[in-house]
Amino acid sequence: QVQLAESGVGSVQSGGSLRLSCTISGPRFMPEWPYCVGWFRLVPGKVREAVARIDRDAFTRYSEDVKGRFTISQDAAKTSLYLQMNGLKNDDTAMYFCASGEPGLWCHDRFSAGHFYYWGQGTQVTVSS
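Engineer: Residues and numbers for the environment of L42, please.
Structural biologist: Residue position: L42 is located in strand 4 (residues 36-42). According to the relative accessible area criterion, L42 is partly exposed, its value standing at 24%. On a C-alpha basis, the gap between L42 and D57 in space is 27 Å, while along the polypeptide they are 15 residues apart.

This is the structure in structure tokens:
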């Protein structure tokens, strides 16, 4: 079992910045094994949108909507996941979730929520003009 919990809920003016954090724990999460963790966001009435992901070797991938503005990272122990969000836009308003794939597996070639099996409860980000 992998457990995740987000923090960093808040509101910001358009053009501002926020940093989200996610704590990763559980006996099945082994930093020395391959793994894939990432961030997704959800607007009511829409499907979850892939935002960013990172694997054990720090290879990252971003959606085109956030590339150049958002940065995903982890701490040295690999127990904390971060999403630095700069240049925020109104369209970035959403509930943000951190998630993990199955321990022992690398990220899939296709970046989608269907390849992530463990999810945090979400944290709200609101960007106002």
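Engineer: Break down the pairing of strand 3 (residues 18-25) for me, citing the residues and quoting the values.
Structural biologist: Each regular strand shows side chains that alternate between the opposite faces of the sheet. Where strand 1 (residues 3-7) and strand 3 come together, five bridges link them in antiparallel fashion. When the bridges of strand 3 are listed, L4 appears paired with I24. As judged from the six bridges shared by strand 3 and strand 8 (residues 80-85), these two strands associate in the antiparallel manner. Looking at strand 8, one finds that T23 is bridged to S80.

Engineer: Give me the lowdown on the sheet that holds strand 7 (residues 70-74), citing residues and values where you can.
Structural biologist: Taken in spatial order, the four strands of this open sheet run 1-3-8-7, and their pairing is antiparallel. Each of the sheet's edge strands pairs with one partner strand only, and the pair in question is strand 1 and strand 7. Between one strand axis and the next, the sheet turns by 15° as a mean value, whatever way the strands run. For strand 7 and strand 8, the ladder comprises five bridges, and the chain directions are antiparallel. Bridged to I72 within strand 8 is L83.

Engineer: Tell me about the packing of aromatic side chains, residues and numbers included.
Structural biologist: Within the structure shown, the criterion is met by six aromatic pairs. Arranged with centres 6.5 Å apart and planes meeting at 80°, the rings of F97 and W119 form a pair that is edge-to-face. Of this pair, F97 sits in strand 9 (residues 94-100) while W119 sits in strand 10 (residues 118-119), and the two are 22 residues apart along the sequence. Taking relative accessible area as the criterion, F97 reaches 10% and is therefore assigned buried. Overall, the relative accessible area of 25% leaves W119 in the partly exposed class. One aromatic cluster is present, formed by F40, F97, F111, F116 and W119 through successive ring pairs. The cationic tip of R48 hangs over the ring face of F97; the distance from NZ or CZ to the ring centre is 5.9 Å. In this arrangement the basic side chain of R48 is found over the ring face of W119, its NZ or CZ atom lying 4.4 Å from the centre.

Definitions and limits used
- Residues numbered from 1 in each chain as written.
- Predicted model: local features only at pLDDT ≥ 70, side-chain atom pairs only at ≥ 80, totals over all residues.
- Heavy atoms only, no water.
- Helix = DSSP H or I, 4+ residues; strand = E, 2+ residues; numbered from the N terminus.
- Buried < 20%, exposed > 50% of the residue type's maximum accessible area, 1.4 Å probe, protein only.
- Pairing = 2+ DSSP bridges.
- Axes fitted to C-alpha atoms, helices over the stretch in contact; angles between N-to-C directions.
- Phe/Tyr/Trp six-rings, centres within 6.5 Å; stacked < 30°, edge-to-face > 60°.
- Lys NZ or Arg CZ within 6 Å of the ring centre and 35° of its normal.

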